[in-house]
Amino acid sequence: RFGLVYQPIKETAFKLLYGKSFREPSVFELASNSAIRPMKADTYELGWHQYLGSHFKNEAVLFFNKAQDLIVSDNVTSMANRGQLRSRGFEDILHFQYADFNGFLNYTYMDLAETEDNGITTPIYDIPTHKANLAVMYALSPQTSFGLVGRYRHRVDTSYQSQVYPI
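First, a word on what this report is: a plain description of the structure on this page.

The rules behind these values
In every chain, residue numbers begin from 1 and rise along the written sequence. Local features in this predicted model are restricted to residues of pLDDT 70 or higher, and side-chain atom pairs are both shown and tallied only at a pLDDT of 80 or more, whereas totals for entire chains, interfaces and linings draw on every residue. Side-chain metrics in this entry use all non-hydrogen atoms of the structure; hydrogen atoms and water are not considered. Whether a residue is buried, partly exposed or exposed follows from its accessible area with a 1.4 Å probe, protein chains only, as a fraction of its type maximum: under 20%, in between, or over 50%, in that order. For the purposes of this entry, the term helix denotes a DSSP run of H or I that reaches at least four residues, the term strand denotes a run of E that reaches at least two, and both are numbered from the N terminus. At least two DSSP bridges between two strands are needed for those strands to be called paired. For this analysis, a ring pair means two rings from Phe, Tyr or Trp (six-membered ring only for Trp) whose centres lie within 6.5 Å, classed as stacked if their planes differ by under 30 degrees, edge-to-face if by over 60, and tilted for the remaining angles. Whenever a carboxyl oxygen of Asp or Glu lies within 4 Å of a side-chain nitrogen of Lys or Arg, that contact is scored as a salt bridge.

## Thoughts on the pairing of strand S11 (residues 144-153)
The side chains of a regular strand alternate, first on one face of the sheet and then on the other. Across the 10 residues of S11, 0 count as buried, placing the element largely on the outside. Relative to S11, strand S10 (residues 130-141) runs antiparallel, the two sharing 10 bridges. Following the sheet pairing, Val136 is matched in S11 by Leu148. Counting the residues in the hairpin turn of S10 and S11 gives 2 residues.

Right under this line is the structure:
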């Protein structure tokens, strides 16, 4: 992972990040095809971190991800490396802390998630366009907290036997 951080004032920081990663095939995937290679991925992020007084911090990030050599099911019993994956979107997280209360509110928007294999581009199903979370925690003692978490997940499309269903 590589990053550049620019902090023009104490409360504000801008980040430009690049990451390169891989995912090794599992023992089950290798058992079906010993020639499977690791999936490789590149991630790009542009972030803005802003402290808003002593109780709030906001983080906004634009992201783009690209992976190649996806490990996919070639048929019922075999795995293979095929295609590419692309995704991009935006995420914002607002952290807060006041006395014994703390928590966060976050929102993620993903406007692109697709794969490409041999020139054919298809959407990736089961990924919501919008997601949000709200968490509030109260410290009862230094070792004990009480918290509530709410989650929102936008409708997704899922594929089953060549049909697409909204969920």
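## Details of the packing of aromatic side chains
Taken as a whole and assessed by the stated rule, the structure comprises 4 aromatic pairs. Taking 6.1 Å as the distance between ring centres and 35° as the angle between the ring planes, the aromatic pair formed by Tyr44 and Phe64 counts as tilted. Of this pair, Tyr44 sits in strand S3 (residues 39-52) while Phe64 sits in strand S4 (residues 56-68), and the two are 20 residues apart along the sequence. For Phe64, a relative accessible area of 29% corresponds to the partly exposed category.

## A short note on the pattern of salt bridges
Enumeration over the complete set of coordinates arrives at 11 salt bridges. Its salt-bridge partner being Glu29, residue Arg23 comes within 3.2 Å of it at the nearest N-O pair. A single salt-bridge network, built from bridges that share partners, covers Arg37, Lys40 and Asp69.

## Considering unusual backbone geometry
Here Asn118, not a glycine, exhibits a phi torsion of approximately 55°, which is positive. Within the secondary structure, Asn118 is located in the loop between strand S8 (101-117) and strand S9 (120-123). Asn118 gets classed as exposed once you look at its relative accessible area, which sits at 73%. Here the phi dihedral of Asp126 falls at roughly 70°; this positive angle occurs in a residue that is not glycine.

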